[in-house]
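Here are the chains, one letter per residue:
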Amino acid sequence: MFILKIIGFILLAYFIYSEVLEVNRYTYKQYRYEFFNTQNFVITVIGYVLLFIGDMWYADALQVDADILNGQVLMALGAMLVIYVVYTNITNTTLFFGIVMSSLQLLLYIPLSVLSMFILVIVIGFAAETKPVYVVNR
């Protein structure tokens, strides 16, 4: 059963990837704009990270009765970045197509954002050549 789940996940990922390519082909042919591009993805990931950190900061500040403005500012900046991506999509396509596809795009970017953050941490760890710490004077 586990193998069937893996095969199903791989087929789902392939289907989503092929649909993303098809949407990009259509939007480039119709509007001269690639809907799923690296710039939109990076801006959305930064927006999602700011929303997540801002929410954590806001919740922590509420628990200890501290200043909640820091978390609210981070959440506002994250929301502005995500709204900017939606605005860019709408201005480069039509209103209906931009809203519908932007909502699908933002839903697709949620798991990809989490995955990219894990990959970024691993890459930074390898780039920093982290090594174990040994205590010498015991």
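Everything below is about the structure printed above this text.
For clarity, every value in this text was computed on a predicted model and none was experimentally measured. (Residues numbered from 1 in each chain as written. Predicted model: local features only at pLDDT ≥ 70, side-chain atom pairs only at ≥ 80, totals over all residues. Heavy atoms only, no water.)

**Some thoughts on helix α4 (residues 95-127)**
Because an α-helix packs 3.6 residues into every turn, residues spaced three or four apart end up facing the same way. Of all bends in α4, the biggest is about 30 degrees, found at I110, and the proline P111 comes one to four residues later. Where α4 is concerned, the buried positions are F97, G98, M101, S102, Q105, L106, L108, Y109 and S113. Its buried side turned inward, α4 meets α1 (2-31), α2 (38-63) and α3 (69-92). Between the side-chain oxygen of the N-cap and the backbone nitrogen of F97 there are 3.4 Å, and the N-cap of α4 in question is T94. (Bend = angle between axes of the 7 residues up to and from the residue. Helix = DSSP H or I, 4+ residues; strand = E, 2+ residues; numbered from the N terminus. Buried < 20%, exposed > 50% of the residue type's maximum accessible area, 1.4 Å probe, protein only. Contact = heavy atoms within 4.5 Å. Polar contact = N/O pair within 3.5 Å; in protein donor to acceptor, adjacent residues only side chain to side chain.)

**Comments concerning a nonpolar patch on the surface**
Together, M1, F2, I3, L4, I6, I7, F9, I10 and L11 make up an exposed nonpolar region whose accessible area comes to about 1,000 Å². Note that I7 resides in helix α1. (Patch = residues over 30% accessible without salt bridge, like charges linked within 9 Å, V, L, I, M, F, W, Y side chains within 5 Å. Areas by Shrake-Rupley, 256 points an atom, 1.4 Å probe, with all protein chains shown as cover. Salt bridge = Lys/Arg side-chain N within 4 Å of Asp/Glu carboxyl O.)

**What to know about the side chain of S102**
Along the polypeptide, S102 turns up in helix α4. Among the residues examined, S102 registers a relative accessible area of 1% and is labelled buried. There is a polar contact of 2.5 Å between the side chain of S102 and the backbone oxygen of G98. The residues contacting S102, other than those within four sequence positions of it, are F35, V86, N89 and F97.

**Notes on the pattern of salt bridges**
One pass over the structure, following the stated rule, counts one salt bridge. One salt bridge in this structure joins R25 and E22, with 2.8 Å as the shortest N-O distance. Of this pair, R25 and E22 both sit in helix α1, three residues apart, roughly one helical turn. Under the relative-accessibility criterion, E22 is labelled partly exposed at 42%.

**With respect to the packing of α2 against α3**
Put simply, α2 and α3 touch, their axes get as near as 7 Å, and they point 155 degrees apart. Regarding the angle of α2 to α3, the classification is roughly antiparallel. Between α2 and α3 lies a crossing of left-handed hand. Grouping the amino acids of the contact of α2 with α3 by side-chain chemistry returns 16 nonpolar, ten polar and one charged. (Axes fitted to C-alpha atoms, helices over the stretch in contact; angles between N-to-C directions. Parallel < 35°, antiparallel > 145°, perpendicular 65-115°, else oblique. Left-handed = near helix turned anticlockwise from the far one by under 90°. Nonpolar A, V, L, I, M, F, W, Y, C, P; charged D, E, K, R; others polar.)

**Structural notes on the nonpolar core**
Counting twelve residues, the largest nonpolar core consists of V20, V23, Y33, F35, F36, Y48, V82, F97, M101, L106, L108 and Y109. Ranked by residue count, the leading element in this core is α4, at five residues. When sequence neighbours within four positions are dropped, the list of residues in contact with L106 reads T44, Y48, V82 and V86. (Core = buried A, V, L, I, M, F, W, Y, C linked by side-chain atoms within 4.5 Å.)

**Quick notes on the packing of aromatic side chains**
Enumeration over the complete set of coordinates arrives at eight aromatic pairs. Arranged with centres 6.3 Å apart and planes meeting at 85 degrees, the rings of Y26 and Y31 form a pair that is edge-to-face. In this structure Y26 comes out as partly exposed when scored by relative accessible area, which is 38%. Judged by centre distance (5.7 Å) and plane angle (65 degrees), the rings of F35 and F36 are edge-to-face. The same class applies to F35 and to F36, which are both buried. Here a set of aromatic residues connected by ring pairs shows up, and it is made of Y26, Y31, Y33, F35, F36, F41, F97 and Y109. (Phe/Tyr/Trp six-rings, centres within 6.5 Å; stacked < 30°, edge-to-face > 60°.)

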